[in-house]
Amino acid sequence: PTQIPYVAMPPPAKPAKPCPVGRVEQGVPAAVSAASAPAAGASAAPATLRRVLLRIWQSQSVANATELAELRKALLNLQRSGEMLDGALLGMAAAQCARLGDGKALTLICGFAASRLELCGSRAVVEMAQAALHLDCAEPSFLRALMAFLGSGCSGCTNSRDLAAASKVLLHSLREGPQLCLDHEGALRGLAEAAQPFFAVDVAVNVATSGLLRDAVEFIHAAVHVAGSPDVSLNGPEIQTVEEAFSSVLRFIRRHLHLASARDSAMVAGSVAQLWQVMPQLREDVLWPCLEDVAQGARFKSEDFNCQDMAAVAQAFAKLERPNEVYATVLDRCFCMPRAADRDLCYLLWAAATVPRWADSPFVGRAVLELTKRDAAQMASKDLTQLLQSLGKLLRLPGQAPARVAALRWQLQVLFLEGVRRSQSFGTKDLACLERAREALEQDEAPVAGYGLGPPPGIDGREEASCHDSPGSHSHGECHSHGHDGHSHGHDGHSHGHSHEHSHSTCTAVISHGDAHGHQTKCEGEGTFESSTSPKEAPSCENETCCPYIRAGPEMRLNAHCSFAGHCVRMKNTFIHIPCSSFSDSESDG
């Protein structure tokens, strides 16, 4: 028989693994790889897309029409070729588009990646979502795909940094509104399930770092605000999952709170205050102990806390309406009033008015004294109305010292006049605050015995000023933080006048009150305040033609018969002189 010669057959070729976008095989030059590509152009698509994305990443200007057409063509070719997607390049290009404000190129990238988010990786998805939400160019299809990706637990998220960024993306997506019907509840549940392995309570101390703690703080801060949003309604299983995750993360934060910065501590306090209303079942076991630990941390690291951080923690105690003597002591000793912004003073005084037993703390008097040195005309309207609320509530509290009551009443009148001047631009809520301030001023019509309406000499000022009260028929005020140019005493019947002058006074406001002791004090940034012994020095009539009412009521009216070169306003038995230079409008505006 004929013998068939043996022919050695070559081994079967292994199927080539798909390469990421634009990446060539190792050991093969780029020119050889490009030359061996099929003529159809499918394999050339990855390299083209890689070049386009790298050009976008390295560019310093918005893509023009030619570059946008090239990017669209490269994305279409990649879709037809079926090559593996390199999500890192898409995320880097999206981040660069956000820096440059290139919304058109970013829309193309996000639209292409919407159906492939699970192939991109958590870091790239977060970068694309942050860029799209920042430029407000996120399409509904991309947002729905994003909610599904977050609901799956970020598809294998490998680090806590991406998890914290994903929670902030979820919070940012709430502003898109309920008309898109996004599944925020499912996304929050998925993030809560993914967070428990990263922030477990039994994590060793040598494993936890300040970076990991920062990620836990940012995650809980964003996730808590998502859970407390009125547009999010969780069902029973979702509430249980989210509650377990929040409890685990907060216990992790408590265990490693010594690694937290001042900003982290303030964010933890804000998260606790928000979660106090959302999940009341966690109040006693988790939330209140966590806030107490924040107060202890502020006590031991008070030099790291600025005024904004301290005011944020005080606002958290105000929302809970629970006193903490440790943190009240921190505010007394460490809060620097001159460095505080107006908003910080608003939070501080509101906390003093809301938290029990805080109204008698020394920091309240120092805060009121600081307000006397600031120009009310320069305050924002929101800060002004909040200060009116705080001072009005403090004025209603019983059992306060006469000097404190006089100081609060005087400062409330100054802010009330500024609010009346701005009332034409106020909304309904602001006008309600103004009305409540007026009611607080009317609550105690009679002046406090021994004090006028100028800055009373009994304010608790340990840093900026130290004042002493005399139980006799008159009182003296001495400001130790400023030099006095001179003192003058005048006697007229039973009233005594004291004059304290500072060389840096800039404006003048005169307040006159019947039967009150006269005081004239110049304070930094506020001016000279004095009161006369009788309102007859500034007479007024009942004719509405020459002395009209300011706000359609008998409480305040202009006095046209006063010789003062400015505005003279009568409030019951009180005459207030305001110079024209303090306002930007004319005298005819009232």
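No experiment lies behind these values; they were computed from the predicted model shown.

Colleague: Help me understand the overall build of the protein, please; the structure alone is not making it clear to me.
Modeller: Looking only at helices and strands, one finds 21 helices and 8 strands in the protein. Residues counted as buried form 49% of the 590 residues belonging to the protein. Summarising the internal contacts of the protein: among those between residues at least 6 apart in sequence, 66% fall at separations of at least 24. Taken as a whole, the protein presents about 27800 Å² of accessible surface, with 52% of it coming from carbon and sulfur.

Colleague: Just checking my understanding: could you explain unusual backbone geometry for this structure?
Modeller: A negative phi holds for most residues other than glycine; trans holds for most peptide bonds. With a phi angle near 55 degrees, Glu321 is a residue other than glycine that sits in the positive phi range. Tracing the chain through its elements places Glu321 in the loop between helix H15 (307-320) and helix H16 (325-334). We classify Glu321 as partly exposed; its relative accessible area is 48%. Phi at Arg357 is positive, roughly 70 degrees, even though this residue is not glycine. Structurally, the position occupied by Arg357 is in the loop between helix H17 (342-354) and helix H18 (362-372).

Colleague: Quick question: what am I supposed to make of the packing of helix H20 (residues 402-421) against helix H21 (residues 428-443) here?
Modeller: Axis angle and axis distance: for two packed helices, these are the angle between their axes and the distance between the axes, and together they describe the pair. One way to put it is that H20 packs onto H21 with a least axis distance of 10 Å and a crossing angle of 145 degrees. In this structure, H20 meets H21 at a crossing whose hand is left-handed. Residues Arg409, Leu412, Gln413, Phe416, Gly419 and Val420 of H20 form the contact with H21, whose own contacting residues are Leu434, Ala437, Arg438, Ala440 and Leu441. Across the contact of H20 with H21, the residue classes tally to 7 nonpolar, 2 polar and 2 charged.

Colleague: What's the story with the packing of aromatic side chains in this structure? I'm lost.
Modeller: Given two aromatic rings, their pairing is described by the distance between the two centres and the angle made by the two planes. If you walk through the whole model with that rule in mind, you get 8 aromatic pairs. Their ring planes at 50 degrees and their centres at 5.8 Å tell us that Phe317 and Trp358 sit as a pair that is tilted. Of the two residues, Phe317 sits in helix H15 while Trp358 sits in the loop between H17 and H18, which places them 41 residues apart along the sequence. You'll find Phe317 and Trp358 in the same group, each marked buried.

Colleague: Explain the pattern of salt bridges here, please?
Modeller: Side chains that carry opposite charge are capable of pairing whenever their charged atoms lie near each other. Tallied over the full model, the rule gives 17 salt bridges. Notably, a salt bridge pairs Arg214 with Asp264, separated by 2.5 Å at the nearest N-O pair. With Arg214 in helix H11 (residues 210-227) and Asp264 in helix H13 (residues 262-278), this residue pair connects regions lying 50 residues apart in the sequence. Here Arg214 falls in the partly exposed class, since its relative accessible area comes to 25%. Since its relative accessible area comes to 2%, Asp264 is described here as buried. Counted as one network, the salt bridges with shared partners bring together Arg161, Lys168, Asp215 and Glu218.

Colleague: Explanation requested: the environment of Leu133 in the structure shown.
Modeller: Along the chain, the position of Leu133 falls in helix H7 (residues 122-135). Leu133 gets classed as buried once you look at its relative accessible area, which sits at 1%.

Colleague: Can you walk me through the packing of H17 against helix H19 (residues 381-396) in this structure?
Modeller: Contact pair H17 / H19: the axes reach a minimum separation of 9 Å and the direction vectors enclose 25 degrees. Here H17 is positioned roughly parallel relative to H19, judged by the angle of their axes. Handedness of the crossing formed by H17 with H19: left-handed. Each of Asp342, Arg343, Leu345, Cys346, Tyr347, Leu349, Trp350, Ala352, Ala353 and Thr354 in H17 lies in contact with H19, whose residues at this interface are Lys382, Asp383, Gln386, Leu387, Gln389, Ser390, Leu391, Lys393 and Leu394. Taken together, the residues of the contact of H17 with H19 sort by class into 10 nonpolar, 4 polar and 5 charged.

Colleague: Explain helix H3 (residues 65-81) here, please?
Modeller: For the α-helix, the turn length of 3.6 residues means that residues three or four positions removed from each other point alike. Compared with the 24 Å implied by 1.5 Å per residue over 17 residues, the 24 Å span of H3 between its first and last C-alpha is a close match. Considered for burial, the residues of H3 that qualify are Leu68, Leu71, Ala74, Leu75 and Leu78. Each buried residue of H3 sits inside an arc of 125 degrees when the element is viewed along its axis, so together they form one side. Away from its buried face, by an angle of more than 90 degrees, H3 presents the exposed residues Ala65, Thr66, Lys73 and Arg80.

Colleague: What is the right way to look at the confidence of the model for the protein in this model?
Modeller: Segments scoring low in pLDDT should not have their predicted coordinates read at a detailed level. Averaged over every residue, the pLDDT of the protein is 75; the share at 70 or more is 69%. The least confident element of the protein is strand E5 (residues 527-529), whose mean pLDDT is 35; the most confident is H15, at 95. With pLDDT under 50 throughout, residues 17-44 is counted as low confidence; its partners more than four residues away or in other chains account for 25 contacts. Every residue in residues 581-590 scores below 50 in pLDDT, and together they form 13 contacts with partners more than four places removed in sequence or on other chains.

Colleague: Before we go on, may I ask you to explain the side chain of Asn324 in this structure?
Modeller: Mapped onto the fold, Asn324 is located in the loop between H15 and H16. Residue Asn324 is classed as buried on the basis of its relative accessible area of 8%. A distance of 2.9 Å separates a polar side-chain atom of Asn324 from the backbone nitrogen of Tyr327. Excluding residues within four positions of it along the chain, Asn324 makes contact with Glu292, Ala295, Phe317 and Trp358.

Colleague: Where do I start with the side chain of Ser167 in this structure?
Modeller: Position of Ser167 relative to the elements: it lies in helix H9 (residues 160-172). A residue is classified by how much of its surface remains accessible, and Ser167, at 1% relative accessible area, is buried. At 2.6 Å, the side chain of Ser167 forms a polar contact with the backbone oxygen of Ala164.

Cut-offs used in this document
Residues numbered from 1 in each chain as written. Predicted model: local features only at pLDDT ≥ 70, side-chain atom pairs only at ≥ 80, totals over all residues. Heavy atoms only, no water. Helix = DSSP H or I, 4+ residues; strand = E, 2+ residues; numbered from the N terminus. Buried < 20%, exposed > 50% of the residue type's maximum accessible area, 1.4 Å probe, protein only. Contact = heavy atoms within 4.5 Å. Areas by Shrake-Rupley, 256 points an atom, 1.4 Å probe, with all protein chains shown as cover. Axes fitted to C-alpha atoms, helices over the stretch in contact; angles between N-to-C directions. Left-handed = near helix turned anticlockwise from the far one by under 90°. Nonpolar A, V, L, I, M, F, W, Y, C, P; charged D, E, K, R; others polar. Phe/Tyr/Trp six-rings, centres within 6.5 Å; stacked < 30°, edge-to-face > 60°. Salt bridge = Lys/Arg side-chain N within 4 Å of Asp/Glu carboxyl O. Parallel < 35°, antiparallel > 145°, perpendicular 65-115°, else oblique. Expected span 1.5 Å × (residues − 1). Arc of directions from axis to C-beta. pLDDT = per-residue confidence, 0-100. Polar contact = N/O pair within 3.5 Å; in protein donor to acceptor, adjacent residues only side chain to side chain.

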